[in-house]
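Inside the fold
Here is how the chains run, residue by residue.
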Amino acid sequence: MTVTPKISINEGNLVVHGKTILTRVPDNVILTPGTGVGLVGGAFIGATASNSKSLHVLPVGTLEGLRFMCLFRFKLWWMTQRMGTCGKDIPLETQFLIVESKGATVEGEPDDAPTIYTVFLPLLEGQFRAVLQGNEKNELEICLESGDTAVETDHGLYLVYMHAGTNPFEVITQAVKAIEKHMQTFNHREKKRLPSFIDWFGWCTWDAFYTDVTAEGVEEGLKSLSKGGTPPRFLIIDDGWQQIGNEAKESSNCVVQEGAQFANRLTGIKENAKFQKTKNGEPTEQVPGLKVVVDDAKQHHNVKNVYVWHALAGYWGGVKPAAAGMEHYDTALAYPVQSPGVIGNQPDVVMDSLSIHGLGLVHPKKVFNFYNELHSYLASCGVDGVKVDVQNIIETLGAGHGGRVALTRAYYQALEASISRNFPDNGCIACMCHNTDSIYSAKQTALVRASDDFYPRDPASHTIHISSVAYNSVFLGEFMQPDWDMFHSLHPAAEYHAAARAIGGCPIYVSDKPGNHNFELLKKLVLPDGSVLRARLPGRPTRDCLFVDPARDGTSLLKIWNVNECSGVVGVFNCQGAGWCKIVKKTRIHDASPGTLTGSVCATDVDTISQVAGPNWNGEVVVYAQRSGELVRLPKGASLPVTLKVLEYEVFHFCPIKEITSSIAFAPIGLLDMFNSSAAMDQFDVQLASDKQTALFDGEVTSELTNALTEDRSPAAAITLKVRGCGRFGAYSSQRPLKCTVGGSRTNFNYDSDIGLLILNLPIPSEEMYRWEIEIQV
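Treat the numbers as computed from the prediction; the structure is a model and nothing was measured.

Below, the discussion takes up the overall build of the protein. Broken down by element type, the protein carries 13 helices and 46 strands. A globule of 778 residues ought to have a C-alpha radius of gyration of about 28 Å, and the protein, at 27 Å, matches this closely. Dimensions of the protein along its principal axes, counting C-alpha atoms only, are 85 × 85 × 50 Å. Here the protein holds 778 residues, and 61% of them are scored as buried. Looking at the protein as shown, the accessible area adds up to about 28500 Å², and 48% of this sits on carbon and sulfur atoms. Between the averaged position of the 68 positive side-chain charges in the protein and that of its 85 negative side-chain charges there is a distance of 2 Å.

The subject of this paragraph is the pairing of strand 14 (residues 153–165). The pairing of strand 5 (residues 43–53) with strand 14 spans six bridges and is classified as antiparallel. Among the inter-strand pairings, Thr-48 is bridged to a residue of strand 14, identified as His-155. As paired strands, strand 10 (residues 116–122) and strand 14 are joined by six bridges and run antiparallel to one another. What sits directly across from Phe-120, in strand 14, is Met-162.

Of the strand pairs in this sheet, strand 37 (residues 658–661) and strand 38 (residues 664–671) are connected by three bridges, and their pairing is antiparallel. Bridge pairing in strand 38 places Lys-658 opposite Phe-666.

Before going further, it helps to spend a moment on the sheet that holds strand 40 (residues 717–724). With antiparallel pairing, five strands are arranged side by side in an open sheet as 39-40-46-42-43. Two strands close off the open sheet at either side, each with one partner strand: strand 39 (681–688) and strand 43 (745–746). In this structure, strand 39 lies alongside strand 40, joined through seven bridges in antiparallel fashion. Each residue of the ladder has a partner; that of Gln-687, found in strand 40, is Ala-718.

Two packed helices can be described by the angle between their axes and the distance between those axes. Across the interface, helix 10 (residues 461–476) lies against helix 11 (residues 494–503) with an axial gap of 11 Å and an inter-helix angle of 5°. As the angle between them shows, helix 10 and helix 11 are arranged roughly parallel. Here His-462, Thr-463, His-465 and Ile-466 of helix 10 come into contact with helix 11, specifically with Tyr-496, His-497, Ala-500 and Arg-501. Across the contact of helix 10 with helix 11, the residue classes tally to three nonpolar, four polar and one charged.

This paragraph deals with the environment of Val-742. Within the element layout of this structure, Val-742 appears in strand 42 (residues 739–742). Look at Val-742 and you get buried, because its relative accessible area is 9%. Sequence separation of Val-742 and Glu-775 is 33 residues, and the distance between their C-alpha atoms is 6.7 Å. If we ignore the near neighbours within four places in the chain, the residues touching Val-742 are Thr-747, Leu-760, Leu-762, Pro-763, Trp-772, Glu-773 and Ile-774.

It is worth spelling out the packing of aromatic side chains at this point. Within this structure, the stated rule accounts for 27 aromatic pairs. Ring centres of Phe-262 and Trp-316 lie 4.5 Å apart, and the angle between their planes is 70°; this geometry places the pair in the edge-to-face category. With a gap of 54 residues between them, Phe-262 in the loop between strand 17 (242–245) and strand 18 (265–271) and Trp-316 in the loop between strand 19 (305–311) and strand 20 (332–334) connect regions that are remote in the sequence. Residue classification places Phe-262 among the buried residues on the basis of a relative accessible area of 5%. Aromatic side chains Tyr-440 and Phe-479 sit 5.5 Å apart centroid to centroid with 70° between the ring planes, which places their arrangement in the edge-to-face category.

Once that is clear, we can look at the sheet that holds strand 28 (residues 558–563). Strand order in the open sheet formed by six strands is 27-28-29-36-33-34, and the pairing between neighbours is antiparallel. The open sheet has two edge strands, strand 27 (540–541) and strand 34 (630–634), and neither has a second partner. Two elements, strand 28 and strand 29 (residues 568–573), share six bridges in a ladder whose sense is antiparallel. Within the sheet, the bridge partner assigned to Ile-560 lies in strand 29 and is Gly-571. Those strands touched by helix 11 are strand 28, strand 29 and strand 36 (649–656), and its axis lies near 155° from that of strand 29.

Turning our attention to the pattern of salt bridges. If you walk through the whole model with that rule in mind, you get 33 salt bridges. For Arg-73, the salt bridge identified is with Glu-93, shortest N-O distance 2.8 Å. Residue Arg-73 is located in strand 7 (residues 64–73), and its partner Glu-93 is located in the loop between strand 8 (79–86) and strand 9 (94–101); the two are separated by 20 residues in the primary sequence. Relative accessible area serves as the criterion here: at 1%, Glu-93 is assigned to the buried category. Residue Glu-219 pairs with Lys-223 through a salt bridge whose shortest N-O separation is 3.6 Å. Remark: Lys-223 and Glu-219 occur in helix 3 (residues 215–227); sequence separation between them is four residues, near one turn of the helix. Because the salt bridges share partners, they merge into one network encompassing Arg-73, Glu-93, Arg-129, Glu-145, Glu-395, Arg-404 and Asp-437.

Between its first and last C-alpha atoms helix 3 spans 19 Å; for 13 residues at 1.5 Å apiece the expected length is 18 Å, and the two agree. Among the residues making up helix 3, those that are buried are Ala-215, Gly-217, Val-218, Gly-221, Leu-222, Ser-224 and Leu-225. Of the surrounding secondary structure, the elements contacted by the buried residues of helix 3 are strand 15 (201–204), helix 2 (206–209), strand 16 (234–237), helix 4 (289–301), strand 26 (508–510) and helix 12 (519–522). One or two residues past the end of helix 3 sits Gly-229, with phi positive at roughly 95°.

So, about the environment of Arg-404. One can find Arg-404 in helix 8 (residues 404–422). Linking Arg-404 and Ile-657, residues 253 residues apart in sequence, is a C-alpha distance of 53 Å. The contact partners of Arg-404, leaving out residues within four places of it in the chain, are Arg-73, Arg-129, Glu-145, Ser-146, Gly-147, Ser-339, Glu-395, Gly-398, Asn-435 and Asp-437.

The next subject is the side chain of His-188. One can find His-188 in the loop between helix 1 (168–183) and strand 15. Residue classification places His-188 among the buried positions, given a relative accessible area of 1%. One polar contact links His-188 to Glu-478, side chain to side chain, over a distance of 2.7 Å. Ignoring any residue separated from it by four or fewer positions in sequence, one finds His-188 in contact with Thr-173, Val-176, Lys-177, Glu-180, Glu-478 and Phe-479.

The next point concerns the environment of His-590. Secondary-structure assignment places His-590 in the loop between strand 31 (586–589) and strand 32 (597–602). For His-590 and Leu-359, which are 231 residues apart along the polypeptide, the C-alpha to C-alpha distance reads 36 Å. A polar side-chain atom of His-590 sits 3.4 Å from the main-chain carbonyl oxygen of Ala-551.

As a further point, take the side chain of Asn-372. Positionally, Asn-372 belongs in helix 7 (residues 367–380). What makes Asn-372 buried here is its relative accessible area of 15%. Not counting the four nearest positions on each side in its chain, Asn-372 is found in contact with Ser-418, Arg-421 and Asn-422.

Conventions used here
Residues numbered from 1 in each chain as written. Predicted model: local features only at pLDDT ≥ 70, side-chain atom pairs only at ≥ 80, totals over all residues. Heavy atoms only, no water. Helix = DSSP H or I, 4+ residues; strand = E, 2+ residues; numbered from the N terminus. Rg over C-alpha atoms; globule rule 2.2 N^0.38 Å. Buried < 20%, exposed > 50% of the residue type's maximum accessible area, 1.4 Å probe, protein only. Areas by Shrake-Rupley, 256 points an atom, 1.4 Å probe, with all protein chains shown as cover. Lys, Arg positive; Asp, Glu negative; His and termini not counted. Charge placed at Lys NZ, Arg CZ, Asp CG, Glu CD. Pairing = 2+ DSSP bridges. Axes fitted to C-alpha atoms, helices over the stretch in contact; angles between N-to-C directions. Parallel < 35°, antiparallel > 145°, perpendicular 65-115°, else oblique. Contact = heavy atoms within 4.5 Å. Nonpolar A, V, L, I, M, F, W, Y, C, P; charged D, E, K, R; others polar. Phe/Tyr/Trp six-rings, centres within 6.5 Å; stacked < 30°, edge-to-face > 60°. Salt bridge = Lys/Arg side-chain N within 4 Å of Asp/Glu carboxyl O. Expected span 1.5 Å × (residues − 1). Polar contact = N/O pair within 3.5 Å; in protein donor to acceptor, adjacent residues only side chain to side chain.

What follows is the structure in C-alpha cells.
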C-alpha cells in the first residue's frame, strides 16, 4: 500500500492536499515529511546553497493568485499584518504565513473540494534563524542568517514547517504543537501557568508619568482609581524607577527621543532616589524605599500584585561596564548590528542611539547571576513579577557569542530560571519581543505584549492597534496569552479600546493620569471587587476576516471572536483609515475620513461555538448586542447586519439556546451593562420536575414564543445558574418564569414577553470573586 503524502513537490510544484501552492520550485529545495505524532500531516522545507555564508536568501517557489495573511516585523520590536495574493506582497521579516486555497487546482481533484489552509512557519535551526520574504518575481524566499559572520552554513533541512487542513485555527494550533515536539525549545501556551493578576484590573504608570514616575505618583494613581469605584488590584511600575546613568557622547547625527534615554545604562539593581520613600515621615535605611512603596500599595490599597519594569539587557543601554557593585557581571560594550530585513522596514531611534553609543552587555555566562540578584532583591521588596522590555535588542548583539539564536536563548534561559526561582506565580510579561529567536525559546513565559504601544497622542495609532493585536494573536496566542496593552479611560478612542480589551482574553489595565478617568466606562470592565470578566482564549479575527484587510481595504469590518464559559462573543470594529506604510516606513493615516461600513455576524463566527453549546445543539442562539442593548433570537445559519463608522464598535454575545421542554427554551446572557456580559456566567444546569435529575441539553428548540402556560401551574423545571458580579443580569426565556431567587432569597424580576428578555438585579457581593446562585423556575 502506497501512502500519498499530503504535502509534496510534483513536477516543480509544491502541492498541498491536492492544491498547488507554489510553482517553479528550484531543484535545491528539499522537502522532508514530518514523522512522529503530530508531525505526520506536515512537512519541512529546506535548501542547499553553493557556498557557506552567515546570511543566505533562498528562493523556494513562486506564489501567485492565492490569498494570504502574514505577520511581519515592521520594526525591530513588533509585528503587524499584511494581506496579499502573490509573492511580491510578502514583506521582509515575515515570521508567519497562512495561505488559502479554494476550489480544485490539481487535475483529478473533485470540484467541491474544501478550502485548504496552509501554514508556513519559518524556524530556528541550530545557530540560524529563518524568515520569509517575497521578491519582485513573486518568489517566496527564505532569509537564513546567524547574526555572526563567524557562524556560517551552506544548507538547512528544517527551515520552514508547513501544515495544512480545512480549519485555519486548528491548522495553526496543530502546526505549533508539531514544531514544539520537533524543536523542544519552547512550550505551547496551554502548558504554561498564567500569572494570577490577569483576572484583576490593573494600572500601569507609563502613560501617566513616563520616566518621571515617583513613589508619590504611584500612591496618587492608586488612590485616584480606587476612589472612583474601580480599584486596581495589580500595579506595574514602569520605566523610571531604576538607578541609571548617561555617558552618551554628543553627536549631531543621532536624534534621541526623550533626551538620551536610550543611551542610559543601569548603574545598580536597586531603586533610584525618587523611590527612597520615608516611613512615617522619617528617613529609613533599614527598609528599602521600593519595599515601602510596595507594602503601601498592598496594605493601604489592596493591590494584590506589583510588577516592575526592566529591559532584557537591564536598561535601554544595558548595564554600565564595571559599575560599582556590578563588576562581577563582566559587562562589555557591544554595538548592535541589525538584520538587513529589519533595516529594510522601519528605522528605529533606539538603534540610532545605541549604534553610536553602544550597549553594556552582561556576559551570557553571567546573565543568570544578574537576573537572580535583581529579581531576588525585587522579591525581597514584595515585588511579584517583572515586565521585561526591549527584548529584541539581543538579536543584534550575537557577533562573538555564536550568533543571535545562541545569545537570545542564553538570555531567555537565564531569565526564565530566575523568574522561576524568585516569582512563584510565573510573574513575567514579555515586551518588545516579536522575534522568533525569543518566541521559540520561551518555555515558561506565559504573557506577551501583542503589538506596538497604545499611543494616546497619535491619531493614526488607534485603529491599527486593534487590528494588529487581533491578527498578531493568531500566531502569538499559540505560545503565550497576548497582552493588548494599557490604554486611557478618558480619551476619544477609550470606548473602542476598552471593548477590544474586554473580548481579547488579555489583562485589562489602564495608564490614566491620576484624576483623569472615565469611571462610567471603567465600570463596564471592572467589578466592584477589582476583578474583570476575561474571555477564555486569545481573541482572533473570525475566519472570514483572515484574508481581508480591515485597516486598508475601505470595505471590511474587523470581527474578533472569543468564548466564555457558556457563550461565544464577537466584537466588531471599524478599523479603516490607517496602517503601516512601506513607502514612508511608518504608521500613517491614508484615509482621513473612512466611510461607514456594513457587515454581518453569525453564530459560527465563533469558531468553537458548538463546543461551548455542547452535544445536540441545533444551532439556534439568542444574540445580545451590548452597545445597543438589543436582543434577537437567531435561527441556525442566520446572520445579523452591523453598520459602524470609523472608531465605532459593537460587541455581540451569542448564547446557545437550550430546550427545556417542547415549549420552553432558555439561554442565559450575563451582566447586561458589562462589555463582556456573558463572561459573568460560570455554570448553567437544568433540573426537570418530572425526573428531579439534571437534564442533558438535547432535542429541538421551539422556534416560536409560547405563552400558553400560566403562572399558577407547577414548575416544569428549575434552572440553576452560577453568576459572578453584580448589576443587571439578563437571560432569554420563551416563557415568563414563575419565580426567581438569588442566593436563596426570592427576588423581583422584569420580563419582556415580546423578546423573551428576563432581567433581575444582583446585589454587590461582600466576598471577592463571589458566584451568586440564581434559581429560575419555569
